[in-house]
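# Architecture and fold: a report
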Amino acid sequence: MASKGFFSKFLEYHRFLHRNLSIGKLYRRTMSAKLPRYPSQSTSPPSFDDMSNKTLVIDMDEWLLKSNSTFHYFMLVALEGGGFLRGLLLLFSYLFTYLFASEELMLKVMVMFSFCGMKVDGFRLDRAVLPKYFLENVGIEGFEILKKGLKEAKGVVCVSRRVPRVMVDGFLRDYMGVKEIMGREIGMKYGFFSGALMDLDEVKLAQKLEGIGGDVMAFGSCFGKYSQQHPFSEIYTTTKQEKKNWKTLPQDMYPNPLVFHDGRLAFTPTPMATFAMFIYLPLGFALSVLRSLIFGLLPYSLSIPLGSLTGSRSCLVGQPPQHKTGTNRAGGQLFVCNHRTLLDPIAISAGLNRPVTAVTYSLSRLSEIISPIQTARLTRNKEEDRRRMSTLLARGDLVVCPEGTTCREKFLLRFSPLFAELTDRVVPVALNTRVDMFYGTSTSIFKFMDPFYFLMNPRPEYWVEFLEKVPTEGRSIDVANGIQRKIGEALGFELTALTRKDKYIMLAGNEGIVKA
């Protein structure tokens, strides 16, 4: 009898949830039907012709992003800001609330598990990690409206109804060029996020719009319920069905290029993908340890074929140069490469099938100890570094990464010209990598874990191409720029004048000097 009573109460509770959720969906459909529609097949509305006296208020979730799914953004915050345990708790809470809770409650639960207890000071995920995933979800159709508004309108205000403002601020400011941003806030106490999600501050939004002035054009069905408080001249809405036909914004159309980004995950952590990652983690850890032992203890003639049996791949292009020939001032050959991971010198050493020495600026002591090849630390003092590198080059082959830091995307940073003053010929080496689950680079204090994360991938791949030797005649800066261009052409990468300092200030808020 007790089980029968429990079952009847459960059915009654299920009908209650279904009835309330259905009413909510009906309300949303009714509101959308009452508002003006932006036809998916038409061009811009007539009022877009002159926007000089217009103020645009845009719902980011509805009019900028193609997909309304927010789980992967919160999972990125949980994993990158709190670790695997927090991410696992978020995954379990999401699966439970997805079945039994409303959308609003599910959103609040995700915020709670992602942010509760996280430090407010130093939160940089909105600039270092999340922009990449937001950019990959931007639709061209919505972006064109934002772009036109930023160029011609009196003002543009972006509103985030679902993703908290602290998560979208960096993306909208740094990559979309939006200055006025409104969103839901997260409670804070004693310098930590409490995890409580606040409602959108409508009074502040009204004051912001009033301060800008002009006729207000609203893009988003959510603004329909504010039409009594705000004198919107026009309200445009779109639907999920229409957004399915939207095209993703290509990288060459980004207002600001995505050169740097941080974080360990190399995939979009949807619920199923995240679940698969947690299932794979024990195997990935075992593979990383096994591959480290193989490449660290065995000669390259054995380690490379054995490594391929574990899923790792390597591709060698071009003929590796033999031992030094010609009239070189130094005793060994100088190999100059772009910087993809801390394993770059090891990949070059494997391609040569002989040991080399690598010079570094800020490699941790632990990384130096576990490195299978000899490493030497530089001081950032030009004269002292020249002396050290000359001494090392006189003893044998030397590998230098003149970018000074890694870059994940298809860009090359500025090459430091010091290497061009050491010898009369250098060997450029073009490097590229491919990962499918974890990035093998980071700006965190746990950089010593970078090689292990790279080797944790199911199928990590290294691509090594030895280019023709280049003479170092002329000014060292011209030689450095020429080699940067040569490597860029081989890889199809874009050249930049950005430096290590630029990267670390943007992603980590420091200059990237590792002390331990």
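Criteria and cut-off values
- Residues numbered from 1 in each chain as written.
- Predicted model: local features only at pLDDT ≥ 70, side-chain atom pairs only at ≥ 80, totals over all residues.
- Heavy atoms only, no water.
- Helix = DSSP H or I, 4+ residues; strand = E, 2+ residues; numbered from the N terminus.
- Contact = heavy atoms within 4.5 Å.
- Areas by Shrake-Rupley, 256 points an atom, 1.4 Å probe, with all protein chains shown as cover.
- Buried < 20%, exposed > 50% of the residue type's maximum accessible area, 1.4 Å probe, protein only.
- Pairing = 2+ DSSP bridges.
- Polar contact = N/O pair within 3.5 Å; in protein donor to acceptor, adjacent residues only side chain to side chain.
- UniProt positions renumbered as here; feature names shortened; annotations may be inferred.
- Axes fitted to C-alpha atoms, helices over the stretch in contact; angles between N-to-C directions.
- Nonpolar A, V, L, I, M, F, W, Y, C, P; charged D, E, K, R; others polar.
- Phe/Tyr/Trp six-rings, centres within 6.5 Å; stacked < 30°, edge-to-face > 60°.
- Lys NZ or Arg CZ within 6 Å of the ring centre and 35° of its normal.
- Expected span 1.5 Å × (residues − 1).
- Salt bridge = Lys/Arg side-chain N within 4 Å of Asp/Glu carboxyl O.

## What about the overall build of the protein?
Secondary structure assignment for the protein yields 19 helices and 17 strands. For the protein, the share of sequence-separated contacts (at least 6 apart) that also reach a separation of at least 24 residues comes to 76%. Total accessible area on the protein is roughly 25300 Å²; 58% of this is exposed by carbon and sulfur atoms.

## Here's the deal with the pairing of strand 1 (residues 54–59)
Burial analysis of strand 1 places six of its six residues in the buried class, which makes it a mostly covered element. Burial of the side chains of strand 1 extends over both faces: Lys54, Leu56 and Ile58 are buried on one face and Thr55, Val57 and Asp59 on the other. As paired strands, strand 1 and strand 6 (residues 215–219) are joined by five bridges and run parallel to one another. Across the sheet, residue Lys54 finds its bridge partner in strand 6, namely Asp215. Pairing of strand 1 with strand 2 (residues 155–160), which is carried by five bridges, proceeds in the parallel orientation. Counted as the bridge partner of Thr55 is Gly155 from strand 2.

## A word on the pairing of strand 14 (residues 425–434)
Among the ten residues that make up strand 14, seven are buried, leaving the element largely enclosed by the rest of the structure. In this sheet, strand 14 lies alongside strand 9 (residues 334–337) in parallel orientation, the contact comprising three bridges. Looking across to strand 14, one finds that Val336 is bridged to Pro428. Relative to strand 16 (residues 470–471), strand 14 is paired through two bridges, and the arrangement is antiparallel. Each residue of the ladder has a partner; that of Arg425, found in strand 16, is Pro471. Bridge count between strand 14 and strand 15 (residues 461–466): six bridges; the pairing is antiparallel. If you follow Arg434 over to strand 15, its bridge partner there is Glu461.

## Description of the side chain of Ser312
Tracing the backbone shows Ser312 in the loop between helix 13 (300–309) and strand 8 (313–317). We classify Ser312 as buried; its relative accessible area is 10%. Engagement of the side chain of Ser312 in a polar contact is seen with the backbone oxygen of Gly307, the distance being 2.7 Å. Apart from the residues lying within four places of it in its own chain, the contact partners of Ser312 are Arg291, Phe295, Gly307 and Pro460.

## Digging into the UniProt feature "transmembrane region" (unreviewed entry) in the protein
UniProt's feature table lists "transmembrane region" (unreviewed entry) at residues 73–100 and 274–298, given in the numbering used throughout. Taken as a whole, residues 73–100 contains 96% helix and 0% strand, while its terminal C-alpha atoms sit 21 Å from one another. With 96% helix and 0% strand, residues 274–298 has its two end C-alpha atoms placed 34 Å apart.

## What about the environment of Ala128?
As for its position among the elements, Ala128 is in helix 6 (residues 125–128). Each C-alpha atom, one on Ala128 and one on Phe260, is 7.6 Å from the other, the two residues being 132 residues apart in sequence. With residues near it in sequence (within four places) discarded, Ala128 still touches His261, Asp262 and Leu507.

## Some words on the packing of helix 3 (residues 71–82) against helix 12 (residues 271–297)
Think of two packed helices as two axes; the pair is described by the angle between the axes and how far apart they sit. Contact pair helix 3 / helix 12: the axes reach a minimum separation of 10 Å and the direction vectors enclose 35°. Judged by residue contacts, Phe71, Met75 and Leu79 of helix 3 engage Pro271, Thr274, Met277 and Phe278 from helix 12. Residue composition of the contact of helix 3 with helix 12, grouped by class: six nonpolar, one polar and no charged.

## Section: the packing of aromatic side chains
For the structure on display, the rule yields 16 aromatic pairs. With centroids separated by 5.4 Å and ring planes inclined at 80°, the aromatic side chains of Trp63 and Phe219 adopt a geometry described as edge-to-face. Linking Trp63 in helix 2 (residues 60–63) with Phe219 in strand 6, this pair joins segments that are 156 residues apart in sequence. An angle of 80° between the planes, with centres 6.3 Å apart, marks the rings of Phe84 and Phe278 as edge-to-face. Separated by 194 residues along the polypeptide, Phe84 in helix 4 (residues 84–100) and Phe278 in helix 12 bring together distant segments of the chain. For Phe84, a relative accessible area of 31% corresponds to the partly exposed category. Feature note: the residues Trp63, Phe219, Tyr236 and Trp246 constitute an aromatic cluster, connected by ring pairs. The lysine or arginine in question, Lys132, covers the ring of Tyr133, its NZ or CZ lying 4.7 Å from the ring centre. Positioned above the aromatic ring of Trp246 is the side chain of Lys243, whose terminal nitrogen or guanidinium carbon lies 5.8 Å from the ring centre.

## Quick word on helix 9 (residues 165–174)
Of all ten residues in helix 9, seven are buried; the element is thus mostly enclosed. Listed as buried for helix 9 are Val166, Met167, Val168, Asp169, Gly170, Phe171 and Leu172.

## Regarding helix 5 (residues 103–115)
Between its first and last C-alpha atoms helix 5 spans 18 Å; for 13 residues at 1.5 Å apiece the expected length is 18 Å, and the two agree. The set of residues buried in helix 5 consists of Met106, Leu107, Val109, Met110, Val111, Ser114 and Phe115. Looking at the buried side of helix 5, the elements it contacts are helix 3, helix 4, helix 9, strand 4 (186–189) and strand 5 (192–197). Within two residues after helix 5, Gly117 carries a phi angle of roughly 90°, on the positive side.

## Focus on the environment of Arg165
Within the element layout of this structure, Arg165 appears in helix 9. The spatial distance from the C-alpha of Arg165 to the C-alpha of Arg184 is 5.7 Å, given a sequence separation of 19 residues. Here Arg165 is in contact with Ile181, Gly183, Arg184 and Glu185, once residues within four sequence places are set aside.

## Some words on the pattern of salt bridges
Enumeration according to the criterion identifies 26 salt bridges in this entry. Two residues, Arg162 and Glu103, come together in a salt bridge whose shortest N-O distance is 3.1 Å. Taken together, the positions of Arg162 in the loop between strand 2 and helix 9 and Glu103 in helix 5 put the pair 59 residues apart, joining distant regions of the chain. Taking relative accessible area as the criterion, Arg162 reaches 15% and is therefore assigned buried. Across the pair Asp478 and Arg475 runs a salt bridge whose closest N-O atoms are separated by 3.0 Å. Look at the salt bridges and you will find they share partners, linking Asp126, Arg127, Arg165, Asp169, Arg173, Asp174 and Glu185 into a network.

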